[in-house]
Amino acid sequence: MSDETKVDLELDLKGLLCPLPMVKVSQNINNVPVGGIIRAVATDPGAMADIPAWAQSTGNEVVSADKQGSEFVFLVKRVK
Amino acid sequence: MEKVQLETLTGVIDKKMNRQLKQYIDICARCAICKDACHQYVGTGDFKYLPARRAELIRQIYKRYFDKAGRFMPALYEAREPDDNLLDELYDSTYACTGCRRCMYYCPFSIDTAWILSVAKAILIAAGRGNEMLGQLADAAIFKGDNAAMFEGVMLSGFDDISEEVRAITGDPEHRVHVNKEGADVLYVALAGAHSIRPAAVIFEEAGENWTISMFEAANYGFFYGDTEKARLITKRYIDEAKRLGVKEIVVPECGHAYRVAEFFYEAWSKEPMPFKVTHILEKVDDYIKSGRITVDKGLIEGKVTYHDPCQLGRNGGKFEQPRDIVKAVTDNFVDLTPNRAEQWCCGGGGGIVAMEEFKDVRLKSGAKKVEQLKASGASVLACPCENCRLQIEELNEVHELGMEIWQVIDLVVAAMPLPGNQKGAEATE
Ligand code: SF4
Ligand code: SF4
């Protein structure tokens, strides 16, 4: 993850159980402009598969997905 | 509406309306008994949520194209074209329906409004008006199935972390989450979240079960979306895994619709007999307790405990007693909700509605009956074996300041097992 990445929206998804982290990212994707970035922090490990699968099947992009301690941090880019 | 689109819609109706459904729309006496059975109508007073009204919209479209009188004199016979107004109302009344089938239970003719609304979903999808969120969730699940290798690394690492937590609870260094184990007797099809795997793994390992998990979760948003082909593909992911691993039994988690999909729908969708025994995890756990394969202590759970029958497991799945027996095995302080079992009120969170933000207001209002029941029970702990129900009831708990603890049943069981890491385990699975 690059420190310089401009984040347009922060989503705190800690404590939410799957598939809710994916649902919340999807619900918020139109709240950033095309090319914009959502930074989402989840704690359910299922999100590590769910959010990338959602991004792939909707034509968006997971720029990075990192495990940081007990948290999973995603940078999701709105592509269209 | 354009001719081509109209032809598509009438084609869908023609294909979906079988004899039983035609009979339903013919025999409705409009007695409105169902209105008092539907938590959404009761909670909102909104006419569009009255069960018979929801079905009426389908009847009107059907009459317009498939009934002689309706075709020639639509105004006289309440036949309508599926214009934007009708489709807007159909969308609201269809996707808001939680599929609880409480209206059917009270209808003198047992009219299955939720089934009629499966035709409505097919019409809406054909008109390009299917619910976007449910469609996306279904597509993501199918994508995971088609690209399993892409997710294997992260999932295995997640299972490793859960294995460590399991060992911390049971104190047995051999215990773990078994993944893709060929020759296992049982395939546990969990939900995507760790909360559904950890307590189940503790119980399976303590019971000495020969079990495994696979990469695919049980939740099926294709079913909620209303596309049986998507729903079939999502289920097929774990059916194929079960065949490959050679298991004898599929165990579904604490998820209402997942049980119904595996037990009742997959055979019809796939047109092949289900090659495995399908069991709900609470049937297994009940059996483990009664046969002495796991031990639970009464007294470790504090407070009065009650139980909510998820509609898909209870009224629509026939599983009323095993979950109650489990709860009664872990506490002497059990109180049932009133009414209960087949008459249980829907909590308002089923049918995928918790994922559809546009229905939040009606969803929360429609929980009024559940809130009433919970308050009247005087319980401080609720056991509830369905993810969607728990999400809804947790929100009701907060909004109405009920101060209750909402638990998965398997979490209650783990907390009542005399295990070295029990306290830690109970906290970890909350
Ligand atoms: S209770 Fe049954 S017959 Fe009466 S209005 Fe409702 S669906 Fe129709
Ligand atoms: S199935 Fe449940 S939510 Fe749907 S109309 Fe009937 S009572 Fe209402």
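Because the structure is a prediction, the values reported are computed rather than measured.

Okay, helix H2 (residues 47-58) of chain A next. An ideal rise of 1.5 Å per residue puts 16 Å on 12 residues; H2 of chain A measures up with 16 Å between its terminal C-alpha atoms. Those residues of H2 of chain A that sit buried are Ala47, Met48, Ala49, Asp50, Ile51, Pro52, Ala53, Trp54, Ala55 and Thr58 of chain A. On the buried face of H2 of chain A, the contacting elements are helix H1 (20-28), strand E2 (37-42), strand E3 (61-68) and strand E4 (71-77) of chain A together with helix H9 (132-146) and helix H10 (148-170) of chain B. In the stretch just after H2 of chain A, Gly59 of chain A is the one whose phi turns positive, near 80°.

All names here are of chain B. Membership of the largest hydrophobic core comes to 146 residues, with the highest contact counts inside it found for Leu90, Ile123 and Tyr188. With residues up to four places along the chain from it excluded, the contact list for Leu90 reads Leu57, Ile58, Ile61, Ala120, Ile123 and Leu124. Among the nonpolar cores identified, the runner-up in size contains 14 residues, and Val371, Leu374, Ala379 and Leu402 belong to it.

Moving on, we get to the site of ligand 2. Lining the immediate environment of ligand 2, one finds Cys38, His39, Pro51, Arg54, Cys97, Thr98, Gly99, Cys100, Arg101 and Cys103 of chain B. Considering only residue class, the shell around ligand 2 consists of five nonpolar, three polar and two charged.

A word on the packing of H2 of chain A against H9 of chain B. Where H2 of chain A meets H9 of chain B, the axes come as close as 8 Å, and the angle between the chain directions of the two elements is 105°. Our classification of the angle between H2 of chain A and H9 of chain B gives roughly perpendicular. Here H2 of chain A contributes Ala49, Asp50, Ala53, Trp54, Gln56, Ser57 and Thr58 of chain A to the contact with H9 of chain B, which in turn contributes Gln136, Asp139, Ala140, Phe143 and Lys144 of chain B. The residue inventory of the contact of H2 of chain A with H9 of chain B, partitioned by class, reads five nonpolar, four polar and three charged.

Many structure descriptions define interface size as the accessible area lost when the parts assemble. Across the boundary between the two partners, chain B contributes 21 residues, which contact 22 residues of chain A. Carbon and sulfur atoms make up 69% of the area that chain B and chain A hide from each other, which totals about 1800 Å². Contact with chain A buries area across many residues of chain B, yet Met133, Gln136 and Phe143 of chain B alone supply 21% of it, more than any other trio. Taken together, chain B and chain A are joined by two salt bridges. As a salt-bridge pair, Lys144 of chain B and Asp50 of chain A come within 2.5 Å of each other at their nearest N and O atoms. Across the chain B-chain A interface, the total number found is six residue pairs in polar contact (both at pLDDT 80 or more). Contributing elements (two or more residues each) for the side of chain B that touches chain A: H9, H10, helix H11 (194-207) and helix H19 (387-399) of chain B. When grouped by side-chain class, the residues that make up the side of chain B that touches chain A number 13 nonpolar, three polar and five charged.

With that out of the way, let us pick up the pattern of salt bridges. All names here are of chain B. Counting across every chain of the model gives 43 salt bridges over all chains. Among the ionic pairs, Lys319 bridges to Glu283, the shortest N-O distance being 3.9 Å. One end of the pair, Lys319, is in the loop between strand E5 (305-307) and helix H16 (321-330); the other, Glu283, is in helix H15 (residues 281-290), and 36 residues separate them in sequence. Residue Lys319 is classed as buried on the basis of its relative accessible area of 14%. Among the ionic pairs, Arg341 bridges to Asp336, the shortest N-O distance being 3.4 Å. Classification of Arg341 by relative accessible area gives partly exposed; the value is 25%.

This next bit is on the sheet that holds strand E7 (residues 405-407) of chain B. Residue and element names in this part refer to chain B. What the three strands build is an open sheet, ordered E5-E6-E7; its pairing is parallel. In the strand order of this sheet, the two ends are held by E5 and E7, each with one partner. Along the sheet, successive strands turn relative to each other by an average axial angle of 25°, direction set aside. By the bridge criterion, three bridges tie E5 to strand E6 (residues 381-383) in an arrangement that is parallel. Bridge pairing links Tyr307 to Ala383 in E6.

All names here are of chain B. Enumeration over the complete set of coordinates arrives at 15 aromatic pairs over all chains. Considering the side-chain rings of Phe204 and Tyr288, the 6.4 Å spacing of their centres and the 85° angle between planes classify their relative orientation as edge-to-face. A residue pair is termed long-range when its members are at least 10 positions apart, and Phe204 in helix H11 and Tyr288 in helix H15 qualify at 84 residues. Residue classification places Phe204 among the buried residues on the basis of a relative accessible area of 1%. For Tyr288, a relative accessible area of 1% corresponds to the buried category. Ring geometry for Phe223 against Trp269: centres 6.2 Å apart, planes inclined by 50°, an arrangement best described as tilted.

Criteria and thresholds
- Residues numbered from 1 in each chain as written.
- Chains lettered and ligands numbered in written order.
- Predicted model: local features only at pLDDT ≥ 70, side-chain atom pairs only at ≥ 80, totals over all residues.
- Heavy atoms only, no water.
- Helix = DSSP H or I, 4+ residues; strand = E, 2+ residues; numbered from the N terminus.
- Expected span 1.5 Å × (residues − 1).
- Buried < 20%, exposed > 50% of the residue type's maximum accessible area, 1.4 Å probe, protein only.
- Contact = heavy atoms within 4.5 Å.
- Core = buried A, V, L, I, M, F, W, Y, C linked by side-chain atoms within 4.5 Å.
- Near = heavy atom within 4 Å.
- Nonpolar A, V, L, I, M, F, W, Y, C, P; charged D, E, K, R; others polar.
- Axes fitted to C-alpha atoms, helices over the stretch in contact; angles between N-to-C directions.
- Parallel < 35°, antiparallel > 145°, perpendicular 65-115°, else oblique.
- Buried area = accessible area lost by both parts, 1.4 Å probe.
- Salt bridge = Lys/Arg side-chain N within 4 Å of Asp/Glu carboxyl O.
- Polar contact = N/O pair within 3.5 Å; in protein donor to acceptor, adjacent residues only side chain to side chain.
- Pairing = 2+ DSSP bridges.
- Phe/Tyr/Trp six-rings, centres within 6.5 Å; stacked < 30°, edge-to-face > 60°.

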